[in-house]
Amino acid sequence: MSTNTVTAKILPHPLNAWYVAAWDHEVTRKPMSRRIANRPVALYRTEDGRAVALADACWHRLAPLSQGKVVGKDGLQCPYHGIVYNSAGRCISMPAQETINPSAIVPSFPVVERYRYVWIWMGDPTLADPDLVPDMSQMTSEEWAGDGLTIHADCNYQLILDNLMDLTHEEFVHSSSIGQDELSESEFVVTHEGNRVTVTRWMHNIDAPPFWLKNMRDKFPGFEGKVDRWQIIHFEAPSTIRIDVGVAKAGTGAPEGDRSQGVNGLVMNTITPETDRSSHYFWAFMRNYRLDSQLITTQLRDGVHGVFAEDEAMLQAQQAAIDANPDYQFYNLNIDSGGMWVRRILTAMLEAEGRLVAS
């Protein structure tokens, strides 16, 4: 692969990694189905509230277990012939017979509940270390408030990562809300270490775009004047991106660390491959000011949702173009450097799993 190009093709996803399966409130005693990394999964809770993820296909005739019902302390009953599996995926009851076939097992996937999400490990279960769950601690911190939604995106997950690692597209895709000329005119710095990449951009003494002017006035009623604006993108493999964003009154010390004269948000993004051409995109917008205002929480969630809808349309169109031009080579610009480091990290993970498709 040239350093100036990357093949515009469908890219696989690592399996030995934590992905979000669902918001914690979505998983209940009523089973639900979600396709993750090309595999249908049945999600439910045990009697004591523990989240469980089983392969969504009965051992007997592959009937979807998610269409069954929860029985007993941790059992899930197949809707077709009533076979019951425990949370480890082992059959504990068969209809019309006392002897249980010892091969009657369905895969059970490791899960961890953290940061308002249920995370799932689709690869080697012996490698599923909870300490490897990406850091999204602001989602449950008392110092931050916010909410989010899920987008079903009809594109490969790496296209979403590309989109989030280069925010200069805001100037063109989101011109009515957060975009402005200074995005592509400003300098940025890319750093990387281990499975993390950071892209830092500051814009000094500029006009606040509509979205940020509204937020400044939420905290400082009647605000007028220039601002210093920042975007600090933090990627953590395989697909979690936290974007530290905000504006502060120009010249009040934000670049040096004093953000007291501004507003600060965190755009929390974590993307779960559904199939090779579709993704579950979980996101939230968190803020550290006016924490008690549900109105602001709702306004920010709805406003960001509108912005992301513009991204979704573009990414869907991009996926369609890739499918129509499977041998095309993407050409890389300077603005792609953060995303290129992400791809290098994911390539190393895929090579370690022996899953990288040859170019």
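Residues numbered from 1 in each chain as written. Predicted model: local features only at pLDDT ≥ 70, side-chain atom pairs only at ≥ 80, totals over all residues. Heavy atoms only, no water.

(A) Examining the pattern of salt bridges more closely. Per the stated rule, a full pass over the model turns up 12 salt bridges. A salt bridge links K226 to D207, with the shortest nitrogen-to-oxygen separation between them at 3.0 Å. On the criterion of sequence distance, the pair formed by K226 in the loop between α4 (210-219) and β16 (227-236) and D207 in the loop between β15 (196-206) and α4 is long-range, its members being 19 residues apart. A salt bridge links R301 to D302; its shortest N-O distance comes to 3.2 Å. D302 gets classed as partly exposed once you look at its relative accessible area, which sits at 42%. Residues joined in a network through salt bridges with shared partners are R116, D147, R301 and D302. (Salt bridge = Lys/Arg side-chain N within 4 Å of Asp/Glu carboxyl O. Helix = DSSP H or I, 4+ residues; strand = E, 2+ residues; numbered from the N terminus. Buried < 20%, exposed > 50% of the residue type's maximum accessible area, 1.4 Å probe, protein only.)

(B) Structural view of the sheet that holds strand β6 (residues 69-71). Across the sheet, four strands lie side by side as β6-β7-β8-β9; this open sheet has antiparallel pairing. With partners counted over all chains shown, the strands left at the sheet margins are β6 and β9 (91-93), one partner each. In this structure, strand β8 (residues 84-85) lies alongside β9, joined through two bridges in antiparallel fashion. Its bridge partner being in β9, Y85 is matched across the sheet by C91. (Pairing = 2+ DSSP bridges.)

(C) Quick peek at the packing of aromatic side chains. One pass over the full model with this rule turns up eight aromatic pairs. Aromatic pair F211 and W212: ring centres 5.1 Å apart, planes at 90 degrees, arrangement edge-to-face. This pair shows no difference in class: F211 is buried, exactly as W212 is. One aromatic cluster is present, formed by W23, Y117, W119 and F282 through successive ring pairs. When the ring centre of W341 is taken as origin, the NZ or CZ atom of R344, which lies over that ring, is 4.5 Å away. (Phe/Tyr/Trp six-rings, centres within 6.5 Å; stacked < 30°, edge-to-face > 60°. Lys NZ or Arg CZ within 6 Å of the ring centre and 35° of its normal.)

(D) Main features of the environment of V27. Inspection of the secondary structure assignment puts V27 in the loop between β2 (18-23) and β3 (32-36). On the basis of relative accessibility, which here comes to 3%, the residue V27 falls in the buried class.

(E) The arrangement of the sheet that holds β3 in detail. The sheet built from four strands is open, its strands ordered β3-β4-β5-β10 with antiparallel pairing. Every other strand in the sheet has two partners, leaving β3 and β10 (108-109) as the edge strands with one partner each. In this sheet, β10 lies alongside strand β5 (residues 51-55) in antiparallel orientation, the contact comprising two bridges. Considered in β10, the bridge of L54 is made with S108.

(F) Inspection of the packing of helix α1 (residues 157-165) against helix α5 (residues 294-324) at higher detail. For the pair α1 and α5, interaxial distance at closest approach is 10 Å and the crossing angle is 130 degrees. Looking at the two axes, α1 sits oblique to α5. Here α1 and α5 pass one another in a crossing that is right-handed. On α5, the residues that touch L159, I160 and N163 of α1 are D311, L315, Q318, Q319 and I322. Looking at the contact of α1 with α5 residue by residue, the classes come out as four nonpolar, three polar and one charged. (Axes fitted to C-alpha atoms, helices over the stretch in contact; angles between N-to-C directions. Parallel < 35°, antiparallel > 145°, perpendicular 65-115°, else oblique. Left-handed = near helix turned anticlockwise from the far one by under 90°. Contact = heavy atoms within 4.5 Å. Nonpolar A, V, L, I, M, F, W, Y, C, P; charged D, E, K, R; others polar.)

(G) Fine view of unusual backbone geometry. For the bond from A237 to P238, the omega torsion is 5 degrees, close enough to zero to count as cis. Topologically, P238 is positioned in the loop between β16 and β17 (240-249). Backbone geometry places Y115, a non-glycine residue, at a positive phi of 60 degrees. As for its placement among the helices and strands, Y115 is situated in the loop between β11 (111-114) and β12 (117-121). Overall, Y115 belongs to the buried group, its relative accessible area being 17%. A positive phi angle, close to 55 degrees, is found at N205, a residue other than glycine. If you trace the backbone, N205 turns up in strand β15.

(H) Inspection of the environment of T46 at higher detail. By secondary structure assignment, the location of T46 is in the loop between β4 (39-45) and β5. Distance in space between the C-alpha atoms of T46 and G72 is 8.3 Å, their sequence separation being 26 residues. If we ignore the near neighbours within four places in the chain, the residues touching T46 are R29, V52, K73, D74 and S87. A distance of 2.3 Å separates the side chain of T46 from the side chain of D48, its partner in a polar contact. (Polar contact = N/O pair within 3.5 Å; in protein donor to acceptor, adjacent residues only side chain to side chain.)

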